[in-house]
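# An overview of the molecular structure
For reference, the chains in residue letters:
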Amino acid sequence: MSSKPKFQVLGAALSTTTWDGSPVTISPPDGVTMPQTTNGSMVLAYQNNATMNNNGKLALTSGGSQPIFLSVQALLMQPSILVQNWGANNLNITNISPAAATPIWLEAFGPGLPGQKPVPLPIGTPIKLSPTAVAQGNSSPNWMQLILTSNTSNLTVLSIIGGPEISGSNAYVIALNSSFGNTGPGTGNPAPQGYYATAGGNSYSLEFNWSSSAVYVANMSPSTAAQATVQMISL
């Protein structure tokens, strides 16, 4: 007689770790729990690190809302992105991939998350941001430009949060040295899901007028990536 199958409750993984958004890798059926999210746009990056062609799957639950299921493609060299506002509720993420050898890497960013210590983002002076580092400054009440640069040919992923919400979000995720080439506004090519834009080269500029608003920038690149240069200038 076959044994009875074991069932797992979504959001209550067999091994649950309290999570502050820092990079972490979970294998099925493990998960992480963020006790409280921000009450605004948060950026979640996730990538399937399986060496075999194992497609993965994540289950996300928050408060009493319906779960979000994310398919995580195998052998994809660029993180997938989800921008979401969980309204200051908790967030549980469980790896429910069918194959055991399907580790999935996670990282989350948003202003005010515990454990983050933003460095100042001044106007006119470029700064260096290492992977997982964040910066925050205030824009002037006029048109501004944010210049993002990588000094290598390696994939570099940066997220910017600030200004008014557009379609419910005020987050902009941009990839440099992307295999998708130039996508996003002004290119005629739609950006990959979750991204605002990608650049085939090593630089990108974002122009905006957010009045006197906080501008938050996070380097979401893999830990093996080099520092990125960020400069905010007043036009």
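Conventions used here
Residues numbered from 1 in each chain as written. Predicted model: local features only at pLDDT ≥ 70, side-chain atom pairs only at ≥ 80, totals over all residues. Heavy atoms only, no water. Buried < 20%, exposed > 50% of the residue type's maximum accessible area, 1.4 Å probe, protein only. Helix = DSSP H or I, 4+ residues; strand = E, 2+ residues; numbered from the N terminus. Pairing = 2+ DSSP bridges. Core = buried A, V, L, I, M, F, W, Y, C linked by side-chain atoms within 4.5 Å. Contact = heavy atoms within 4.5 Å. Domains from an automatic or database assignment. Buried area = accessible area lost by both parts, 1.4 Å probe. Salt bridge = Lys/Arg side-chain N within 4 Å of Asp/Glu carboxyl O. Polar contact = N/O pair within 3.5 Å; in protein donor to acceptor, adjacent residues only side chain to side chain. Axes fitted to C-alpha atoms, helices over the stretch in contact; angles between N-to-C directions.

## Quick notes on the pairing of strand 8 (residues 91–95)
Among the five residues of strand 8, five are classified as buried, and the element is accordingly described as predominantly covered. Residues L91, I93 and N95 of strand 8 are buried on one face, and the alternating residues N92 and T94, pointing to the opposite face, are buried as well. Here strand 3 (residues 31–34) pairs with strand 8 via four bridges, running antiparallel. Looking across to strand 8, one finds that M34 is bridged to L91. Of the pairings in the sheet, the one linking strand 5 (residues 56–61) to strand 8 comprises four bridges and is antiparallel in character. Paired with L60 across the strands is I93, a residue of strand 8.

## Overview of the nonpolar core
Ranked by internal contacts, the top residues of the largest apolar core, which has 23 residues, are L121, L146, I160, V217 and V230. Sorting the residues of this core by element identifies strand 11 (127–129), strand 13 (144–150), strand 14 (156–166), strand 15 (169–176), strand 17 (203–208), strand 18 (214–219) and strand 19 (228–234) as the ones contributing at least two each. The contacts of L121, once residues within four sequence positions are left out, are I127, A135, Q136, G137, N138, L146, V215, V217, V230 and M232. Among the nonpolar cores identified, the runner-up in size contains 19 residues, and V32, Y46, L91 and L106 belong to it.

## A word on the domain arrangement of the protein chain
What the domain assignment lists for the protein chain is domain 1 (24–109) and domain 2 (119–234). Distance between the C-alpha centres of domain 1 and domain 2: 22 Å. Residue-level contacts link eleven residues of domain 1 with 24 residues of domain 2. It is Q78, I81 and F109 that lose the most area in domain 1 upon contact with domain 2, and together they represent 48% of the buried surface on that side. Counting the contacts that link domain 1 with domain 2 gives zero salt bridges. On the surface where domain 1 and domain 2 come into contact, there are two residue pairs in polar contact (both at pLDDT 80 or more). Where the side of domain 1 that touches domain 2 is concerned, the elements lending two or more residues are strand 4 (42–48), strand 7 (80–84) and strand 9 (104–109). By residue number, the principal contributor to the side of domain 1 that touches domain 2 is strand 9, which donates three residues.

## Examining the sheet that holds strand 12 (residues 134–138)
Strand order in this open sheet of six strands is 10-12-18-14-15-16, and the pairing throughout is mixed. Lying at the two open borders of the sheet, with one neighbouring strand each, are strand 10 (119–120) and strand 16 (197–198). Note: strand 14 against strand 18, five bridges, orientation antiparallel. Along strand 18, the bridge assignment pairs G162 with V215.

## Here we look at the sheet that holds strand 4
Spatially, four strands are ordered 2-9-4-7 in an open sheet, and the strand pairing comes out antiparallel. If you trace the sheet from one side to the other, it starts and ends with strand 2 (24–26) and strand 7, each paired once. When the angles between neighbouring strand axes are averaged without regard to direction, this sheet yields 25°. Taken together, the five bridges between strand 4 and strand 7 define a ladder with antiparallel strand orientation. Considered in strand 7, the bridge of Y46 is made with S80.

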